[in-house]
Amino acid sequence: VQLQASGGGLVQAGGSLRLSCAASGRTFNNNNMGWFRQAPGQEREFVAAINWSGGTTTYADSVKGRFTISRDNAKNTVYLQMNNLKPEDTAVYYCASRAAYRGTLYTLPRNYDYWGQGTLVTVSS
C-alpha cells in the first residue's frame, strides 16, 4: 500500500482544513486507517483511526469533537476534517494503514505498517 497525504496549509485559529490520504493497492478496503501528527521536537502522536468499513472510529481526547475521520473506499481515500483549529494542532500530519484485525483500532505508531509522506498544518493565533 502506498499513501499520499495532502490538504495541509496555513490557517488561522478557529479555521478548518480537510486532509486527504489517497491509497494505492488492492488491500485498502481491508485495511484500517489512522492519522497521526508530529510537532517539532515531539514524538509522533495518535490523532484518529477508522476501521476498514468506516463504521468504527476513535479519536485522541485532544481532537475529539473537533476532528472527524472518514473514508471513501470507492476512491481509496481517507479524510480528516479538522474544525476549530488551535495553534497546538500545528504539526506534520501523517496517514497510516494496517491490516484489519478483529475489530481493534490501534493508536500506536508501531502498530501501523504503511505511512504517507506527511502534510504540514500550521495554525496561527
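This write-up is about the structure you can find in this document. (Residues numbered from 1 in each chain as written. Predicted model: local features only at pLDDT ≥ 70, side-chain atom pairs only at ≥ 80, totals over all residues. Heavy atoms only, no water.)

**Points about the overall build of the protein**
Within the protein, the regular secondary structure consists of zero helices and 11 strands. N-terminal to C-terminal, the α/β element order of the protein is β-β-β-β-β-β-β-β-β-β-β. Expected size for 125 residues packed as a compact globule is a radius of gyration near 14 Å; at 13 Å, the protein falls within 12% of this value. Projecting the C-alpha coordinates of the protein onto the three principal axes gives extents of approximately 40 × 25 × 25 Å. Expressed as a percentage of the 125 residues in the protein, the buried residues total 42%. Once local pairs closer than 6 in sequence are excluded, the contacts in the protein between residues at least 24 apart make up 59%. With the model as given, the accessible surface of the protein reaches about 6,400 Å², and the carbon-plus-sulfur share is 45%. Averaging the positions of the 12 positive and the 7 negative side-chain charges in the protein gives two centres separated by 8 Å. (Helix = DSSP H or I, 4+ residues; strand = E, 2+ residues; numbered from the N terminus. Rg over C-alpha atoms; globule rule 2.2 N^0.38 Å. Buried < 20%, exposed > 50% of the residue type's maximum accessible area, 1.4 Å probe, protein only. Contact = heavy atoms within 4.5 Å. Areas by Shrake-Rupley, 256 points an atom, 1.4 Å probe, with all protein chains shown as cover. Lys, Arg positive; Asp, Glu negative; His and termini not counted. Charge placed at Lys NZ, Arg CZ, Asp CG, Glu CD.)

**Describing the pattern of salt bridges**
Pairing between side chains of opposite charge can happen when their charged atoms approach one another. Going through the model one piece at a time under the given rule, you end up with four salt bridges. Each of R37, E45, R66 and D89 takes part in one network of salt bridges that share partners. (Salt bridge = Lys/Arg side-chain N within 4 Å of Asp/Glu carboxyl O.)

**A word on the state of the cysteines**
In the structure shown here, the tally under the stated rule is one disulfide. Paired by a disulfide, C21 and C95 hold their sulfur atoms 2.1 Å apart. Judged by the torsion about the S-S bond (65 degrees), the C21/C95 disulfide is right-handed. You can see C21 sitting in strand β3 (residues 17-24) and its partner C95 sitting in strand β9 (residues 91-99), a full 74 residues away along the chain. Here C21 and C95 have matching classes, each one buried. (Disulfide = S-S within 2.5 Å.)

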